[in-house]
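Next come the chains, spelled out residue by residue.
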Amino acid sequence: MSDAGSSGAASPSSSDDRTLCYVVYALMFAAPFVVGLTGLIGVVIAYVRKPEAPPLEASHYRFQIRTFWIGFVLALIAALSLVVGVGFLFADILRYVFANMPSDAWDAVSREMEMSFPMVTFIGVLVSAAAWVACGFWMVLTSIVGAVRLSGGRPIGRLQS
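Everything numeric here is computed off the predicted structure, so don't read it as measured data.

What follows concerns the overall build of the protein chain. Tallying secondary structure elements over the protein chain gives five helices and zero strands in all. Tracing the protein chain from N to C terminus, the helices and strands come up as α-α-α-α-α. Across the 161 residues of the protein chain, 33% fall into the buried class. In the protein chain, of all internal contacts separated by at least 6 residues, the share reaching a separation of at least 24 is 73%. Surface summary for the protein chain: the accessible area is close to 10000 Å², and the carbon and sulfur share equals 72%.

We now examine the environment of Arg 158. Its location among the elements puts Arg 158 in the segment after helix 5 (119-151). Linking Arg 158 and Pro 55, residues 103 residues apart in sequence, is a C-alpha distance of 9.2 Å.

Glancing now at a nonpolar patch on the surface. A surface patch of nonpolar side chains, amounting to about 1100 Å² of accessible area, comprises Tyr 47, Trp 69, Phe 72, Val 73, Leu 76, Ile 77, Leu 80, Met 119, Phe 122, Ile 123, Leu 126 and Val 127. Those elements that provide at least two residues to the nonpolar patch are helix 3 (55-99) and helix 5. Among the elements that line the nonpolar patch, the one with the most residues is helix 3, at six residues. Structurally, Phe 122 is set in helix 5.

We note that Val 35 has phi near 60°; this positive angle belongs to a residue other than glycine. Relative to the elements of secondary structure, Val 35 occurs in the loop between helix 1 (14-30) and helix 2 (37-49).

On to the packing of aromatic side chains. Think of a pair of aromatic rings as described by two things: how far the centres are apart, and how the planes are tilted against each other in angle. The final tally for this structure, using the stated rule, is four aromatic pairs. With a centroid separation of 6.2 Å and an interplanar angle of 50°, the aromatic rings of Phe 29 and Phe 33 are classed as tilted. Judged by relative accessible area, which is 61%, Phe 33 ranks as exposed. Between Phe 68 and Phe 72, the aromatic rings sit 6.1 Å apart at their centres with planes inclined by 25°, giving stacked as the arrangement. Taken as a pair, Phe 68 and Phe 72 lie in helix 3 at a separation of four residues, close to a single helical turn.

With that settled, consider the confidence of the model for the protein chain. Of the residues in the protein chain, 78% have a pLDDT of 70 or more, and the chain-wide mean is 82. Looking over the protein chain, one finds the lowest element-wise mean pLDDT in helix 4 (residues 105-115), namely 55, and the highest in helix 2, namely 94.

Counting 18 residues, the largest nonpolar core has Tyr 25, Met 28, Val 43, Tyr 61 and Met 139 as its most contacted members. Counting residues per element, the ones that place at least two in this core are helix 1, helix 2, helix 3 and helix 5. Ranked by residue count, the leading element in this core is helix 3, at six residues. If sequence neighbours within four positions are ignored, Tyr 61 has contacts with Asp 17, Leu 20, Cys 21, Ala 46, Arg 49, Lys 50 and Ala 53.

With that settled, consider the side chain of Asp 17. As for its placement among the helices and strands, Asp 17 is situated in helix 1. Under the relative-accessibility criterion, Asp 17 is labelled buried at 1%. Of the polar contacts made by the side chain of Asp 17, one reaches the side chain of Tyr 61; its length is 3.1 Å. When near neighbours in sequence (up to four residues on either side) are disregarded, Asp 17 contacts Arg 49, Glu 52, Ala 53, Pro 54, Glu 57 and Tyr 61.

Cut-offs used in this document
- Residues numbered from 1 in each chain as written.
- Predicted model: local features only at pLDDT ≥ 70, side-chain atom pairs only at ≥ 80, totals over all residues.
- Heavy atoms only, no water.
- Helix = DSSP H or I, 4+ residues; strand = E, 2+ residues; numbered from the N terminus.
- Buried < 20%, exposed > 50% of the residue type's maximum accessible area, 1.4 Å probe, protein only.
- Contact = heavy atoms within 4.5 Å.
- Areas by Shrake-Rupley, 256 points an atom, 1.4 Å probe, with all protein chains shown as cover.
- Patch = residues over 30% accessible without salt bridge, like charges linked within 9 Å, V, L, I, M, F, W, Y side chains within 5 Å.
- Salt bridge = Lys/Arg side-chain N within 4 Å of Asp/Glu carboxyl O.
- Phe/Tyr/Trp six-rings, centres within 6.5 Å; stacked < 30°, edge-to-face > 60°.
- pLDDT = per-residue confidence, 0-100.
- Core = buried A, V, L, I, M, F, W, Y, C linked by side-chain atoms within 4.5 Å.
- Polar contact = N/O pair within 3.5 Å; in protein donor to acceptor, adjacent residues only side chain to side chain.

Okay, here's the thing in structure tokens:
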């Protein structure tokens, strides 16, 4: 005889959600070292589990989702500033090549580049490096803080019931 009240799939226990929270923190921790792929997996898990999770674990899932999106924005800033900086460098190289079209055009480019390094390129690469470092620190440190708070049975922010 089957029980009419069962749906076939048992809902995970609180300890399963707590373990899954630790797994997501580990995925977020590893994200800067694998180009963010594990962070993407972690945020998907957090989005899927958050509605059904107990309040303590739900607060950690919300924190993990916020951590991912802030890291994503920092990585996007880093990528865009690098593209802009390198784009201006290539544009300047092309401008120097077309401005000095003698047979030894590459010598002219190297002479000109010694005298003037594009400031936009320097700023773009500098902003990109700073944003990548900030993104890496953000993902690693927030994962550690979240895991420590979870191990102590403390929520992130206020519990929502």
